[in-house]
Amino acid sequence: MTDATGPEPLGICLVANVAHETGHGEGGLEIREGLRHFAPGAKVWIAPPAWGDGGESVIVAGRHRGDGRRYVRIVIKSRFLVNFRVRAVYSPALVRALTKAEPGQEREFGARFLWPPEQAESWARSWNTPKMQARVDGHRGPAHLVTDPPPMELQLDGVTYYLAHFNAGGARYSPEPPPMEPPRTG
């Protein structure tokens, strides 16, 4: 339906840009411009999470680096994306790429399989907050994500852990409080 304000959106989607430099290989030391399928700065549309990895990998649709006319749908690591924001989707071809809808089903699939606005806004805020991995001494399980720069204290299972060290590789927390400086005399 079209009126004086323009066409009605087919749905809401989370959008991001491909980072200009992406780290690959062991330790992320191999730096590339953009990704194999998307140029640096390319706009990609992100489908809602399809599996429970916390958004580490995402399904995206965007214009391919080699053929800028058609949308491609692939899975990439979310760490290669920057500048997350929420946008309305107007293109039936984009809805088909994101949802695998058949021609003519774009409005139905857009409403059912794209983002609820509140969820999209929440994910955009979360992904725009810088994060780094944190290891916790004496705590079993995978590394935790903390903000970058990391907080001085971290609460896990009712125990306070203190920041012991951090650099570009991540943060390390210890149950031991930091040493106190002796009082100055004189």
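Everything below is about the structure printed above this text.
Each value, and the rule that gives it
In this numbering scheme, every chain counts its residues from 1 along its sequence in written order. Whole-chain, interface and lining totals are the exception, using all residues; otherwise, since this is a predicted model, local features are given only for residues with pLDDT of at least 70 and side-chain atom pairs are given and counted only at 80 or more. By convention in this description, side-chain values take in all heavy atoms of the structure and omit both hydrogens and water. We call Phe, Tyr and Trp rings a pair once their centres come within 6.5 Å, taking the six-membered ring for Trp, and we label the pair stacked below 30 degrees between planes, edge-to-face above 60, and tilted otherwise. Under the scheme applied here, a residue whose accessible area is under 20% of the maximum for its type counts as buried, over 50% as exposed, and between as partly exposed, the area being computed with a 1.4 Å probe on protein chains only. Only DSSP runs of H or I covering at least 4 residues are called helices, and only runs of E covering at least 2 are called strands; the numbering of each starts at the N terminus. Any Lys NZ or Arg CZ that is within 6 Å of a ring centre and within 35 degrees of that ring's normal is treated as a charge sitting over the ring. A pair of strands is labelled paired if DSSP reports no fewer than 2 bridges between them. Helix axes are fitted only over the stretch in contact, all axes being lines through C-alpha atoms; the angle between N-to-C directions runs from 0 to 180 degrees. Throughout this description, the term nonpolar core refers to a set of buried Ala, Val, Leu, Ile, Met, Phe, Trp, Tyr and Cys residues connected via side-chain atoms within 4.5 Å. We call two residues in contact whenever any of their non-hydrogen atoms come within 4.5 Å of each other. A 1.4 Å probe that fits into a set of points on a 1 Å grid over the protein atoms alone but cannot get out defines a cavity; an open set with protein on both sides within 12 Å along at least five of seven lines defines a pocket, and lining residues are those with an atom within 4 Å of a point. Grid points are joined across faces, edges and corners, and a volume is the space filled by probe spheres set on the points. Just so you know the grouping, Ala, Val, Leu, Ile, Met, Phe, Trp, Tyr, Cys and Pro go in nonpolar, Asp, Glu, Lys and Arg go in charged, and all remaining residues, Gly too, go in polar. Any Lys or Arg side-chain nitrogen found within 4 Å of a carboxyl oxygen on Asp or Glu counts as a salt bridge.

**Student:** Explain the packing of aromatic side chains here, please?
**Tutor:** The description of an aromatic ring pair rests on the distance of the ring centres and on the angle between the ring planes. One pass over the full model with this rule turns up three aromatic pairs. Judged by centre distance (5.7 Å) and plane angle (65 degrees), the ring pair of Trp115 and Trp123 falls under edge-to-face. For Trp123, a relative accessible area of 21% translates into the label partly exposed. Geometrically, the ring pair formed by Trp123 and Trp127 is edge-to-face, given 4.9 Å between the ring centres and 85 degrees between the ring planes. Taken together, the residues Trp123 and Trp127, both in helix H3 (residues 117–127) and four residues apart, mark about one turn of the helix. The exposure class assigned to Trp127 is buried, which follows from its relative accessible area of 17%. Three or more aromatic residues joined by ring pairs make a cluster, and in this case those are Phe84, Trp115, Trp123 and Trp127. For the cation-ring pair, Arg63 lies above Tyr71, with the distance from its terminal atom to the ring centre recorded as 4.1 Å.

**Student:** Sorry, what's going on with the sheet that holds strand S3 (residues 11–18) here?
**Tutor:** In sheet architecture, strand pairing relies on hydrogen bonds along the backbone and comes in two forms, parallel and antiparallel. With antiparallel pairing, five strands are arranged side by side in an open sheet as S8-S7-S6-S3-S9. The outermost strands of the open sheet, each flanked by one partner alone, are strand S8 (71–77) and strand S9 (81–89). Taken over all neighbouring pairs, the strand axes of this sheet differ in orientation by 35 degrees on average, direction set aside. Examined bridge by bridge, strand S6 (residues 43–46) and strand S7 (residues 57–63) share three bridges and lie antiparallel to one another.

**Student:** Explanation requested: the nonpolar core in the structure shown.
**Tutor:** Where a protein is soluble and globular, its nonpolar side chains tend to be buried together. Leu14, Phe38, Ile46, Val60, Leu81, Phe84 and Leu98 are the most contacted members of the largest nonpolar core, which totals 35 residues. Of all the secondary structure elements, the ones that give two or more residues to this core are S3, S6, S7, S8, S9, helix H1 (92–99) and H3. Looking at which element gives the most residues to this core, the answer is S3, with five residues. Once residues lying within four places of it in the same chain are set aside, the contact partners of Leu81 are Ala16, Asn17, Val18, Ala19, Val44, Ile46, Val58, Val60 and Ile76. Residues Met132, Leu154, Tyr161 and Ala171 belong to the second largest nonpolar core, which totals 10 residues.

**Student:** Looking at this model, I keep getting lost on the layout of surface pockets. Mind explaining?
**Tutor:** It is the rolling of a water-molecule-sized probe over the atoms that shows where space remains empty. When its volume is computed, the largest pocket comes out at roughly 1,300 Å³. Along the walls of the largest pocket sit 36 residues, with Arg79, Lys131, Met132, Gln133 and Leu145 positioned nearest its centre. Broken down by secondary-structure element, the contributors of at least two residues to the lining of the largest pocket are strand S4 (21–24), S9, H3, strand S10 (131–136), strand S11 (144–147) and strand S14 (170–174). If you tally residues by element for the lining of the largest pocket, the top one is S10, at four residues. Split into classes, the residues belonging to the lining of the largest pocket amount to 12 nonpolar, 16 polar and eight charged.

**Student:** Any chance you could explain the pattern of salt bridges here in plain terms?
**Tutor:** Charged atoms that come close allow side chains of opposite charge to pair. Applying the stated criterion to the full structure yields two salt bridges. A salt bridge links Lys77 to Glu56, with the nearest nitrogen and oxygen atoms 3.6 Å apart. Residue Lys77 is located in strand S8, and its partner Glu56 is located in the loop between S6 and S7; the two are separated by 21 residues in the primary sequence. By relative accessible area, Lys77 is classed as partly exposed at 29%. Across the pair Arg172 and Asp137 runs a salt bridge, and its minimum N-O distance is 2.9 Å. Here Arg172, found in strand S14, pairs with Asp137, found in the loop between S10 and S11; they are 35 residues apart in sequence, far enough to count as distant.

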